[in-house]
Structure formats: C-alpha cells, structure tokens
Amino acid sequence: MTEKEYKQLVDEELSRSFLLEDSYPVKGLAEAMRYSLLAGGKRIRPILVLEFCKISGGDLQAALPAACAIEMLHTYSLIHDDLPCMDNDTLRRGRPTNHVVYGECTATLAGDALQAEAFGTILRSALPAERRARCAMHLANAVGLDGMCGGQYLDMLGEGKTLSEAELDEINSRKTGALLIAACLMGVAAAGGTLAQEEAAARYGAALGMAFQIRDDMLDVLSTEAELGKPIGSDREEEKNTYMALYGAEKCAALIEKLTGEAKNALAGRFEDPSLLCSLADSLATRRS
C-alpha cells in the first residue's frame, strides 16, 4: 500500500471512533475527542505501525487498532501541549485548538480520555494476547517518565535557560522520538516479528524522530502560517531552546540528511522491502508542514 492508502485506511477507521447517541451523558466529551482526532494530519505514526507490520510478515487488519491507538495517543499529547498551562496555542492544523472550542476543562479531559482509550483500543483488539501486551508496553514506554511526559517536564525546566546539545537531545528524544520509535516497534510486535527486527525498527525510529524534530524547528522559522496551520516564529518569540537556535539552518539541514541516511541504513538486511519507509524518511526530511 502507499502512504495515501494507509492514511485513508486509518482515517476511515478513526472516523468510527467515539460515536455516541445524543442521549448519552458524555456525548459532549466524545465530540471534543473527535474534534481533534479527526482534524487531519499526516498520520505518520499509524503509517509506521502498519508498514512495519507488513514488512515483518503481519496482518494489516489485525494491526489497524494498534495503528489507531497511537494516533489517539498522539492527539492527546497535542491537546495537552496546546493548553494555556503549557504552550497556550490557539491554532492547530488550521483550526482553533481544542480548549478554545470546548474550554480548558473539557479539553484536558478529552486528552485524558484519548490516552486511556488508546490502551483500551490495543487491549480490546483481535491480536494474540502476547502481541497486544507487547504493543501496549511499547506505547506505555513512550509516554511516561522516560517518554513524552518526562520530555515535556525537562522542556519546562529548560525554559529561560541556554541548554547544551546533549540536554536538547535528551528532551527531544523523549518528546518526539519516543513515540515514533514506539510506532515502529508496535508494527513489528503486532506482526510477531523478531527481536532483531525490533532493534532495527528502533534505530530507524530514533534517527527519524531526531530528523523530524530538527525539521520542525527549521519550519518554525522558515515556513508560513498557511503551510503549517499554526503560528510560526513562536519558538523564537518565547526564547525556546531549538536546533535552529543552536546550529542555524545550514547545519540543521546537514544533520537531517545524515540522520535520514542512518534511518534508511538501519533497515538494511532486516526486512524484505523497506522501500516505502525509505521514501517516507526522505519526504519527511524536506516537508513544508
């Protein structure tokens, strides 16, 4: 399948999530969850789950719930990142952020519920029990103290300070890289792949995640609000620690090229046909949004 076909498959499955009757007491909360979940996006993480499952010899339909679960988890993180107590953003993917539309309390609960439903979606799936558990473990590892939440905490502590390269890498490997690594690992786990395949998938995800974050930092300076669907220049205005501030555009571009090569090389000899994943790495390295 192509990236476009994978995205369509995921979008169709997600569109069936959290559809409640008008009389259901928490219908309003479900609507807030769906507002952000169905707001678009590239669906990179579920695509990684599905493609790694495929090239590890697995069943795409069986892995689809895990792919949707990681998008639910990712959406929760975006809702919470946008909250007034965090980044206080009012625009996401070209639309008002969740808390602007539904209020801060409902937005917070929508994120909380999406995180819980992500694990429920995996654990209620038709995957064999061992594979369900492994997928849930990889996702949990990406979210907690050693993942996104820990990274967000370190990012908060670093505000107003000048961080070293190692400190910035530590933050972004948790905030961005951990969930991309989890997506790759979940795909292999859903297929019942080998430990060698999981190791290769983790290396790919780590390099891809770092390149993705560096490109993100570049786009906050070089892109436009229309392209990104959110305000640009906020990193500089808030004096955030970024790779652009640390290295400048030329070195950032060179690092992205190096990391993209490392990501593609990690797949060699472990999977029968990693061409789509190599193409994805290349396209993310030059993305404009």
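What counts and what doesn't
- As a convention, each chain's residues are numbered from 1 in the sequence order in which they are written.
- Under the rules for a predicted model, residues below a pLDDT of 70 receive no local features and side-chain atom pairs below 80 are neither given nor counted, while totals for whole chains, interfaces and linings still include all residues.
- To get the side-chain values, all heavy atoms of the structure are used, and hydrogens and water are removed first.
- Cavities and pockets were defined on a 1 Å grid built over protein atoms only: a cavity is a set of grid points that admits a 1.4 Å probe from which the probe cannot escape, a pocket is an open set flanked by protein on both sides within 12 Å along at least five of seven lines, and lining residues are those with an atom within 4 Å of any such point.
- Grid points are joined across faces, edges and corners, and a volume is the space filled by probe spheres set on the points.
- The helix count covers DSSP runs of H or I at least four residues long, the strand count covers runs of E at least two residues long, and both are numbered beginning at the N terminus.
- The residue classification treats Ala, Val, Leu, Ile, Met, Phe, Trp, Tyr, Cys and Pro as nonpolar and Asp, Glu, Lys and Arg as charged. All others, Gly included, are polar.
- Here an angle of 0 to 180 degrees is reported between the N-to-C directions of two axes, which are lines fitted to C-alpha atoms, with helices fitted over the stretch in contact.
- Each angle receives one of four descriptions, namely roughly parallel if under 35 degrees, roughly antiparallel if over 145, roughly perpendicular if within 65 to 115, and oblique otherwise.
- What makes a crossing left-handed is the near helix being turned counterclockwise from the far one by less than a right angle; a clockwise turn instead makes it right-handed.
- Should any heavy atoms of two residues lie within 4.5 Å, those residues are counted as being in contact.
- Only buried residues count toward a nonpolar core. Its members are Ala, Val, Leu, Ile, Met, Phe, Trp, Tyr and Cys residues joined through side-chain atoms within 4.5 Å.
- Three labels apply to residues, based on accessible area from a 1.4 Å probe with only protein chains included: buried if under 20% of the type maximum, exposed if over 50%, partly exposed otherwise in between.
- The definition of a polar contact used here is a pair of N or O atoms within 3.5 Å, where within protein one atom must be able to donate a hydrogen and the other to accept one, and adjacent residues in sequence count solely through side-chain atom pairs.
- Pairing of aromatic side chains here covers Phe, Tyr and the six-membered ring of Trp, requires ring centres within 6.5 Å, and sorts the geometry by plane angle: under 30 degrees stacked, over 60 edge-to-face, intermediate tilted.
- Whether a charge sits over a ring comes down to the Lys NZ or Arg CZ being within 6 Å of the ring centre and within 35 degrees of the ring normal.

**Student:** Looking at this structure, how should I read empty space enclosed by the protein?
**Tutor:** In this approach the atoms are scanned with a rolling probe the size of a water molecule, which exposes any empty space left behind. Here the structure, examined in full by the defined rule, presents three cavities of 30 Å³ or more. Taken together, 13 residues make up the lining of the largest cavity; nearest its centre are Ser 36, Ala 39, Asp 82, Arg 92 and Asn 98. At the level of secondary structure, the elements contributing two or more residues to the lining of the largest cavity comprise α2 (27–37), α4 (60–82) and β2 (95–96). In terms of residue count, α4 provides more of the lining of the largest cavity than any other element does, four residues in total. Here the residues of the lining of the largest cavity are counted per class, giving five nonpolar, four polar and four charged.

**Student:** For this particular structure, what's the right way to read the packing of helix α1 (residues 3–14) against helix α3 (residues 44–55)?
**Tutor:** The geometry of a pair of packed helices is captured by two quantities: the angle between their axes and the separation between those axes. α3 packs onto α1 with a crossing angle of 115° between their chain directions and a minimal axis gap of 10 Å. In this view, α1 runs roughly perpendicular relative to α3, as classed from their interaxial angle. Handedness of the crossing formed by α1 with α3: right-handed. Each of Glu 3, Tyr 6, Lys 7, Leu 9 and Val 10 in α1 lies in contact with α3, whose residues at this interface are Pro 46, Ile 47, Leu 50, Glu 51 and Lys 54.

**Student:** How should I be thinking about the nonpolar core in this particular structure?
**Tutor:** Side chains of a nonpolar character, in soluble globular proteins, are inclined to be buried together. Residues Leu 48, Leu 50, Phe 52, Leu 73, Leu 139, Met 186 and Tyr 204 are the most contacted members of the largest nonpolar core, which totals 83 residues. Apart from the residues lying within four places of it in its own chain, the contact partners of Met 186 are Val 49, Ala 66, Ile 70, Ile 122, Cys 135, His 138 and Leu 139.

**Student:** I would appreciate a short explanation of the environment of Arg 34 in the present structure.
**Tutor:** Positionally, Arg 34 belongs in helix α2. Each C-alpha atom of the pair Arg 34 and Ile 181 lies 25 Å from the other, and the pair is 147 residues apart in sequence. Discounting chain neighbours no more than four positions away, the residues touching Arg 34 are Leu 14, Ser 15, Arg 16, Ser 17, Phe 18 and Leu 19. In this structure the side chain of Arg 34 is engaged in a polar contact, spanning 2.7 Å, whose partner is the backbone oxygen of Ser 17.

**Student:** Explain the packing of aromatic side chains here, please?
**Tutor:** Two aromatic rings, taken as a pair, are described by how far apart their centres are and by the angle between their planes. Under the definition given, this model contains four aromatic pairs. Measuring from centroid to centroid gives 5.6 Å for Phe 52 and Tyr 204, while their planes differ by 70°, and the two rings are edge-to-face. Of this pair, Phe 52 sits in helix α3 while Tyr 204 sits in helix α10 (residues 195–222); the two residues are 152 residues apart in sequence, bridging distant segments of the chain. Take Phe 52 and Tyr 204: they sit in the same class, and that class is buried. Considering the side-chain rings of Phe 52 and Phe 271, the 5.5 Å spacing of their centres and the 75° angle between planes classify their relative orientation as edge-to-face. With a gap of 219 residues between them, Phe 52 in helix α3 and Phe 271 in the loop between α14 (249–266) and α15 (275–285) connect regions that are remote in the sequence. Since its relative accessible area comes to 0%, Phe 52 is described here as buried. Judged by relative accessible area, which is 7%, Phe 271 ranks as buried. An aromatic cluster of at least three residues, connected via ring pairs, comprises Phe 52, Tyr 204 and Phe 271. In this structure, Arg 45 is placed above the aromatic ring of Phe 212, and the distance from its NZ or CZ to the ring centre is 5.8 Å. The ring of Tyr 35 carries the charged tip of Arg 95 above its face, separated from the ring centre by 3.9 Å.

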